[in-house]
Amino acid sequence: MFSSLEEVSEGLRATGYIADSVAKTTVYLAAKLQKPLLLEGPAGSGKTQLAYAVAGAADTTVERLQCYEGINEEKAIGKFDESLQRLCVELRAQSASVDWESLQIQLHSQQFFSAGPLLRALQYEKPCVLLIDELDKVDHAFEALLLELLSVWQLSIPKLGTIQATSIPFVVLTSNEERRIGDPLRRRSFYLRVEHPTAEREAEIVALRTPDSNHEFHAGMAGLAKALRGWSLEKPPSVSEILDLAQALKVLGTERVTAEMRDICCPCWPRPRPTGASCSCETALPVWSTTRSSTPPRLCEGAPHEGSVHFVSNSLRGFHLLGAGAQPNIAERG
Ligand SMILES: Nc1ncnc2c1ncn2[C@@H]1O[C@H](COP(=O)(O)OP(=O)(O)O)[C@@H](O)[C@H]1O
Ligand SMILES: [Mg+2]
């Protein structure tokens, strides 16, 4: 699939996926050793997209099995097309002589089998990417079904027989960790934790989606993301939500978030509570600054002031402060 690590790096980048060196190396090894790649991490952190990026980089197709509670073998592997079988029997019955034995064999051949993503993935001439998405939504019994496929690259289907892989797909298993994926699958896979990106990488990702904006805007979005994630939110914003916000701001023709926009652009983000007497402003969105600090990140409202917020990587300088109604501002302390 890939002849070198550089090919993986360049290929992923060319598809617009910004990966760190651990991710690139893990993808390369999984492809080279023909092992599944298990991706775990919060929703919206880029797991599904990585599978598509790998397919783009290798110039191949994605076969996707979207898991959900109650998914069964038929959905995953496929099933006999009963209406087609019935039609065939009716047509044959009209002819004078019917060889029922050969008809029975024919009715249970692949011709009458409607393949699901797992079977289709084994039948490409050129290896595809098989994405088994959100595996944590299914139970252990379904996981066990995957073991044969992932260890010997074949599927045993009742009445149809054992189908060997024509080509070995690059398998990506993803999990949002609602349930722990079992050890047999873990053991067979290369493992990659996909966390929220560093501020530098997130700024790059935002830059790819909003190329017309300047660095200050991209870095500001990354800084806002980092600050919000440092706060104790029930569901911290993921890359995906930050990208949505950045794109929404562009559509509105602005690069700054104001209090009025908050309910439109980020309705799910809770309003920060006032953080103390020194902060009397009513601003809805947090202020963020580039202060280097050993104290944990903390959000506050309004203009930067003593005891408020903040930190972010020292290497990112010149961020916008996203205080509603406030002028862009930068606080340097520490
Ligand atoms: N490293 C990245 N490079 C480029 N885009 C990314 C990256 N990580 C996340 N994204 C973007 O974030 C969005 C959500 O990613 P997705 O793969 O659906 O998340 P997950 O599957 O982890 O829930 C997608 O639009 C994707 O393009
Ligand atoms: Mg996903």
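Residues numbered from 1 in each chain as written. Chains lettered and ligands numbered in written order. Predicted model: local features only at pLDDT ≥ 70, side-chain atom pairs only at ≥ 80, totals over all residues.

Engineer: Would you mind going over the overall build of the protein in detail, with residue names and values included?
Structural biologist: Each helix and strand in the protein was counted, giving 13 helices and eleven strands. Sorting the 334 residues of the protein into buried and exposed places 37% on the buried side. (Helix = DSSP H or I, 4+ residues; strand = E, 2+ residues; numbered from the N terminus. Buried ≥ 20, exposed ≤ 12 C-beta atoms within 10 Å, placed from the backbone.)

Engineer: I'd love a proper account of the nonpolar core, names of residues and values included.
Structural biologist: Counting 68 residues, the largest nonpolar core has Val54, Val129, Val172 and Met221 as the members making the most contacts within it. Two domains each donate at least three residues to this core, and these are domain 1 (5-77 + 116-193) and domain 2 (199-323). If we ignore the near neighbours within four places in the chain, the residues touching Val172 are Leu37, Leu39, Leu50, Ala51, Val54, Val129 and Leu131. (Core = buried A, V, L, I, M, F, W, Y, C linked by C-beta atoms within 7 Å. Domains from an automatic or database assignment. Contact = placed C-beta atoms within 7 Å.)

Engineer: Tell me what's going on with the site of ligand 1, and back it up with residues and numbers.
Structural biologist: Taken together, 17 residues sit near ligand 1, with Gly46, Lys47, Thr48, Gln49 and Ser240 positioned nearest. Elements with a contribution of two residues or more to the shell around ligand 1: helix 3 (47-57) and helix 12 (239-251). Of the residues assigned to the shell around ligand 1, the class counts are eight nonpolar, eight polar and one charged. Taken domain by domain, the makeup of the shell around ligand 1 includes at least three residues from each of domain 1 (5-77 + 116-193) and domain 2 (199-323). (Near = placed C-beta within 6 Å. Nonpolar A, V, L, I, M, F, W, Y, C, P; charged D, E, K, R; others polar.)

Engineer: Can you explain the sheet that holds strand 8 (residues 170-175)? Please cite residues and give values.
Structural biologist: One key point about sheets: their strands pair by backbone hydrogen bonds, in either a parallel or an antiparallel sense. Pairing within the open sheet is parallel, and its five strands lie in the order 2-5-8-1-9. The strands lining the two open edges of the sheet, one partner per strand, are strand 2 (62-66) and strand 9 (190-193). Direction aside, neighbouring strands of the sheet carry axes that sit 20° apart on average. Here strand 2 pairs with strand 5 (residues 129-133) via five bridges, running parallel. Of the residues in strand 5, the one forming a bridge with Leu65 is Ile132. (Pairing = 2+ DSSP bridges. Axes fitted to C-alpha atoms, helices over the stretch in contact; angles between N-to-C directions.)

Engineer: Let's hear about unusual backbone geometry: which residues, and what values?
Structural biologist: The phi torsion of most residues other than glycine is negative, and most of the peptide bonds are trans. Phi is positive for Gln34, close to 55°, though the residue is something other than glycine. If you trace the backbone, Gln34 turns up in the loop between helix 2 (21-32) and strand 1 (37-40). At Glu177, a residue that is not glycine, the phi angle is positive and equals roughly 65°. Tracing the backbone through its elements, the reader meets Glu177 in the loop between strand 8 and helix 9 (183-188).

Engineer: Now, about the packing of helix 10 (residues 199-209) against helix 11 (residues 215-230): what can you tell me, with residues and values included?
Structural biologist: Contact geometry of helix 10 with helix 11 gives a least axis separation of 8 Å together with a crossing angle of 130°. With respect to each other, helix 10 and helix 11 are oriented oblique. Of the two elements, helix 10 crosses helix 11, and the hand of that crossing is right-handed. Only His218, Ala219, Met221, Ala222, Gly223, Ala225 and Lys226 of helix 11 make contact with helix 10, whose side of the interface consists of Ala199, Glu202, Ala203, Val206 and Ala207. Here the contact of helix 10 with helix 11 is built from residues that sort into eight nonpolar, two polar and two charged. (Parallel < 35°, antiparallel > 145°, perpendicular 65-115°, else oblique. Left-handed = near helix turned anticlockwise from the far one by under 90°.)

Engineer: Outline the pairing of strand 7 (residues 161-164), supporting the account with residue identities and numerical values.
Structural biologist: The pairing of strand 6 (residues 154-157) with strand 7 spans four bridges and is antiparallel. Counterpart to Leu155 in the pairing with strand 7 is Ile163. Here strand 6 hands over to strand 7 after three residues, with Lys159 in that stretch at a positive phi of 70°.

Engineer: Please give an account of the environment of Glu177 that cites residues and values.
Structural biologist: Classification of Glu177 as exposed rests on a count of 12 C-beta atoms within 10 Å. Taking the C-alpha atoms as reference, Glu177 lies 8.6 Å from Glu134; in sequence the two are 43 residues apart. Not counting chain neighbours up to four residues away, the residues in contact with Glu177 comprise Glu40 and Asp136.

Engineer: Help me get a handle on helix 3, residues and values and all.
Structural biologist: Within helix 3, eight of the eleven residues are buried, which leaves it mostly tucked inside the rest of the structure. Those residues of helix 3 lying buried are Lys47, Thr48, Leu50, Ala51, Ala53, Val54, Ala55 and Ala57. Summarising the contacts, the buried residues of helix 3 are in contact with helix 1 (5-14), helix 2, strand 1, strand 2, strand 5 and strand 8. Where helix 3 terminates, the next one or two residues include Asp59, which has phi positive at roughly 55°.

Engineer: Tell me what's going on with the packing of helix 1 against helix 2, and back it up with residues and numbers.
Structural biologist: Interhelical geometry of helix 1 versus helix 2 gives an angle of 120° and a closest axis separation of 9 Å. For the element pair helix 1 / helix 2, the angle class is oblique. The hand of the helix 1/helix 2 crossing is right-handed. Packed against helix 1, whose contacting residues are Leu5, Val8, Ser9 and Leu12, the element helix 2 presents Lys24, Thr25, Val27 and Tyr28 at the interface. Across the contact of helix 1 with helix 2, the residue classes tally to five nonpolar, two polar and one charged.

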